[in-house]
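# A closer look at the structure
Letter by letter, the chains look like this.
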Amino acid sequence: MLSTHLRKTIFISASISSLALLATSCAAASGGTSGGKSVTSGGKSVKVGIYVPLTGAQAPLGIDMRDGTALAVEQFGEIGGKPVTWMAADTQGNAAVALSMAQKMVQTDGVNLLVGGTNSSETLALAAQAKRLDVPIIAINSQAVSVTGASCSRYVFRTNPNDAMTAAANAILLKSDPDLANKSWDVVVHDNVWGRSNAAAFEALPGIKIDSTIIRPVGTTDWSTALTELKGNDKAGIYAALLVGADLPRFINQTRAFGITRTILPPLGMPDSMLAELGAKSVGLRTGGLFGSWMLADKNPAMKQFVEAFVTKYDRVPSPMAIQAYQGTWWALKGLKDSPSLNSSDVIKSLEATRVDGILGAFGVRAKDHQGEIGMYAAEVVKLDKKTYGATYAWKVTTTVPWDKLAAATPSDQCKM
Amino acid sequence: MCGDDIQDKGVGEMVAQLLNGVVLGSLLTLMSLGLTLIFGLGRVINLAHGALYSFGALLTFTLAANGVPFLFVLAIVTLVASALGGLLDVAVVARIRNRPELHSLLLTFGMGLAITGILQRIWGADPRMLPVPGFLSRTIPIFGVTYPSFRLFACVLAIAISVLVLVVLRYSAWGLKVRAINDHPQMAMSLGINRKVLMVSVFAVGSGLAALAGGLSAPISGASPVIGDTILIQAFLVIVIGGLGSVRGSVVAGFLVGFATVLGETYIGGQTALLLLFVAVIATLSVMPKGILGEGRVV
């Protein structure tokens, strides 16, 4: 039996913890800037449940994804006469928490669709229980090949490119750019599944020359030991497959502080908010695997409309993750709208057949494995001549890599639904 | 899990890695001193220490971004965090004084969550990159290698502050009272030393040191509401290996852990290095429960 004093202490601690969680979840639900508020209205609306980290190291990505999804929901408006609404749950970047949140949103809040997956472990956790959840799960950032490969599920759809496609897109960039093609590379990755598979995929590229591979845990705050090793090899490039939330900008910041001016190639690019934080240090970053860039608004009226709406609502430019989230959610809502009912089987069939003309062009999924048929972009960070939509630095797209050049990298026969 | 190729390491790189160890060790020492002082005097295991580090980093970012000279920023951050720490002690921690350590663990854990939540509410989740002050933004030649001058500055300042803390503890009236309470609480109180009032000042100083460590590290590691979480774990390794409540032990252990981390990451891999540090903690608790200098307290 607990002593009176210990009971009081636990009570005080629990109260403080609850206040903390309330403060955090209030920040999460209402957004860090001028984001919309989630609205649920019992069974009288079609509900989208967003499962992303809103706190912790991956929160910057999760917030971008939430905001892109929320904007798509709010603009889509209604389905079958019912308003479409959204709610967001903080997964904290943890698979077990993601599953628990998803279960709550489905069973208690009655969501009709789950959208999210900042990291693949979250989506894979949901996929393992997909039959029980019995709603379609739209992964808008999960990149592990297995999500639509060996661990595929009829309930799970992926609207973003996967790791194999990213590797193929970066290979195309390296082949096409003589400056990059002749370089040798130092590979810097995390000590986790994504990092090691990324390193393996890069090192397997035909003709690539690897000088060294440096592995550090996720959340490394001091890169000095790695940078000391990298110093001196001035002709090589640095392939940095690091988490884009905090690790990658921190690595770049410290690399430049060490006086290392070499080309850095993050395979997926980086959110624009991080370009703003890095400032001039971000100029010259290259990537072959960008999900999208707001600078495409110059040539694409649909993208321009989206960017202007996003900037108006959130007072910042949309990152590649927000762009992907918007496109993926819009497509999913179209699938929901075209479905004869909100029954999961009907919705799944409808999603398999749905095609949209989205902000990144024509989009649909492969029926066999539910992998989105989507291209990627090679890009370089530039400093803009004048501030545009409040941004000074941006990803300037140099080449578009269409889906048909990436499809072979991700064969659908690994998925047995 | 093996680290990078050991055969290619030159002397220059070894020197640079040793410098990395000194820099990390000095910042860890600064962070751990506050933790040790708070435990030594109040028997409080302060799990909110990391959140105060994060607060220091974020406040440093904001003040520096608004043009406040960097040294002034550090002074302001230290004072504000000290005031906050004192307030937290009076309002919250004092209520569980003289209770078993488990109570302080639970309470300060909740406090840490609350502070982190508030930080996220104010500053958002995005990590902030703080530019290094202009006069320290270059690399300079030292011991035959070129090294970022800001890291050397942070190291020197951290060591200077740590030495100052040791000197104050050794030679000031306040320091004498702190050591007296630390060594013999009952005797010290019977001689008229007010432990409650002293604890407020120690919590304030400890919080200030944590925030200062965060502020000094911000141009290196950036600032975010969760930046203190990782270093808190390292700080606890330091105070256990140094001996709970042993200030001198914390200083020695700070540098030991710094060197072990750096050399481990370089030669055997980051995760393995961390694993070995935890093994060292287990060994310390089993074989030398009072820490490497034998001055710590057995809980």
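Residues numbered from 1 in each chain as written. Chains lettered and ligands numbered in written order. Predicted model: local features only at pLDDT ≥ 70, side-chain atom pairs only at ≥ 80, totals over all residues.

### Notes on the overall build of chain B
- Helix and strand content of chain B: eleven helices and two strands.
- A compact globule built from 299 residues would reach a C-alpha radius of gyration of about 19 Å, and chain B, at 19 Å, matches this within 12%.
- With respect to the three principal axes, the spread of C-alpha positions in chain B is 60 × 50 × 35 Å.
- By residue count, 55% of the 299 residues in chain B fall in the buried class. (Helix = DSSP H or I, 4+ residues; strand = E, 2+ residues; numbered from the N terminus. Rg over C-alpha atoms; globule rule 2.2 N^0.38 Å. Buried ≥ 20, exposed ≤ 12 C-beta atoms within 10 Å, placed from the backbone.)

### As for the confidence of the model for chain B
All names here are of chain B.
- Mean pLDDT over chain B works out to 89, with 96% of the residues at or above the 70 mark.
- Between residues 1-8, whose pLDDT stays under 50, and residues either more than four places distant or in other chains, the model counts 15 contacts.
- As scored by the predictor, the complex reaches a pTM of 0.85 and an ipTM of 0.88. (pLDDT = per-residue confidence, 0-100. Contact = placed C-beta atoms within 7 Å.)

### What about the confidence of the model for chain A?
- Per-residue pLDDT for chain A averages 89, and the proportion of residues at 70 or more is 90%.
- Taken together, the stretch residues 23-42 of chain A has pLDDT below 50 and engages in 45 contacts with residues farther than four places along the chain or on a different chain.

### With respect to the nonpolar core
- Ranked by size, the top nonpolar core spans 222 residues in total, and within it A:Ala102, A:Leu114, A:Val188, A:Ala240 and B:Leu27 carry the most contacts.
- For this core, the element with the most residues is helix 1 (residues 11-42) of chain B, which contributes 15 residues.
- Taken domain by domain, the makeup of this core includes at least three residues from each of domain 1 (42-162 + 306-374) and domain 2 (164-295 + 376-408) of chain A.
- Those residues in contact with A:Val188 that sit more than four places away from it in its chain are A:Ile214, A:Ala226, A:Ile238, A:Tyr239, A:Ala240, A:Leu242 and A:Phe251. (Core = buried A, V, L, I, M, F, W, Y, C linked by C-beta atoms within 7 Å. Domains from an automatic or database assignment.)

### Examining the sheet that holds strand 7 (residues 185-190) of chain A
Residue and element names in this part refer to chain A.
- A sheet is described by the order of its strands in space; here four strands give the open sequence 8-7-9-10, paired in parallel fashion. At either end of the open sheet lies a strand with only one pairing partner, and these are strand 8 (210-216) and strand 10 (264-265).
- Pairing of strand 7 with strand 8, which is carried by six bridges, proceeds in the parallel orientation. When the bridges of strand 8 are listed, valine 188 appears paired with isoleucine 214. (Pairing = 2+ DSSP bridges.)

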